[in-house]
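# Observations on chain architecture
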Amino acid sequence: QGEAYDAEFESFVTAHPQASVTEVYEALAISDIQAACDTLRPVYDQAGGLDGYVSMEVSPYLANATQETIEEARRLWKQIDRPDLMIKVPGTEAGTPAIRQLIEDGININVTLLFSNDAYVAVAMAYVEGRDQEYQATVAEALKINPTYGEVYRIVGSTTAHYYRFDEAVEQ
């Protein structure tokens, strides 16, 4: 029953009268995420990129669709356009190759839906492989410009592991 979104909602719907409910939601969510990133940017800067992140998730309907997850994550990353953004990607079987590709693309990832050790290991390997490919591409490009280049580009990732699932398995 709050009014916090009324003006922004009205403005968007007036400018886009044919917008779907999903499009309206996403426009408001992206605006909120950008504002949150801007608010936390001093923390991000002061921590050297080790803190101060805000996450936005790809649609949960894409949890089993690798290519669509990649496309949506890239679109959100470009549209939100903040260095302290993390895109939430599910750690599902289809999400793991998406995570690898997105890390290679230089997109910060927050992995969700990790419910087993095997899933965690698969995601960790995807992160390492993606970082390796991104690093090789960055160094190869930098060496074209400056043969003495050696700085590693920072891409971050995080995971959310639900340990209660592990605890249940141990107790059984």
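The sections below set out a description of the structure shown in this document. (Residues numbered from 1 in each chain as written. Predicted model: local features only at pLDDT ≥ 70, side-chain atom pairs only at ≥ 80, totals over all residues. Heavy atoms only, no water.)

## Some remarks on the environment of alanine 63
Definition in use: Each helix is a run of H or I in the DSSP string that is no shorter than four residues. Each strand is a run of E no shorter than two, and both are numbered from the N terminus.
Inspection of the secondary structure assignment puts alanine 63 in the loop between β1 (54-57) and α3 (66-80). Here the alpha-carbon distance between alanine 63 and valine 89, two residues 26 residues apart in the chain, equals 7.8 Å.

## Section: the packing of aromatic side chains
The following threshold applies: Two rings belonging to Phe, Tyr or Trp (six-membered ring only in the last case) form a pair when the distance between their centres is within 6.5 Å. Interplanar angles under 30 degrees mark stacking, angles over 60 mark edge-to-face geometry, and anything in between is tilted. The cut-offs for exposure are 20% and 50% of the maximum accessible area for each residue type, with area from a 1.4 Å probe on protein chains only; residues under the lower value are buried, those over the upper are exposed, and the others partly exposed.
Using the criterion set out here, one finds one aromatic pair in the structure. Judged by centre distance (5.4 Å) and plane angle (85°), the ring pair of tyrosine 44 and tyrosine 53 falls under edge-to-face. Residue tyrosine 44 is classed as buried on the basis of its relative accessible area, which comes to 14%.

## Let's talk about the pattern of salt bridges
Under the convention used in this document: For this document, the term salt bridge refers to a Lys or Arg side-chain nitrogen within 4 Å of an Asp or Glu carboxyl oxygen.
Scanning the entire structure with this criterion turns up seven salt bridges. For arginine 100, the salt bridge goes to glutamate 104, with nearest N and O atoms at 2.7 Å. Here the residue arginine 100 and the residue glutamate 104 both occupy positions in helix α4 (residues 95-104), the gap between them amounting to four residues, near one helical turn. Take arginine 100: its relative accessible area is 23%, and that puts it in the partly exposed class. Of the charged contacts in the structure, one is a salt bridge between glutamate 134 and arginine 131, with a shortest N-O distance of 2.9 Å. One end of the pair, glutamate 134, and the other, arginine 131, are both in helix α5 (residues 117-145), three residues apart, so they sit about a helical turn from each other.

## Quick notes on the nonpolar core
Where we set the bar: Think of a nonpolar core as a cluster: buried Ala, Val, Leu, Ile, Met, Phe, Trp, Tyr and Cys residues, connected wherever their side-chain atoms sit within 4.5 Å. By definition in these notes, contact holds between two residues if any of their heavy atoms fall within 4.5 Å.
Core analysis: the biggest nonpolar cluster contains 25 residues, and Met56, Ile87, Ile99 and Ile109 have the highest contact counts within it. The set of elements that each furnish at least two residues to this core consists of α2 (21-46), β1, α3, β2 (85-90), α4, β3 (109-114) and α5. When sequence neighbours within four positions are dropped, the list of residues in contact with isoleucine 87 reads Met56, Val58, Ala73, Leu76, Trp77, Ile107, Asn108, Ile109 and Asn110.

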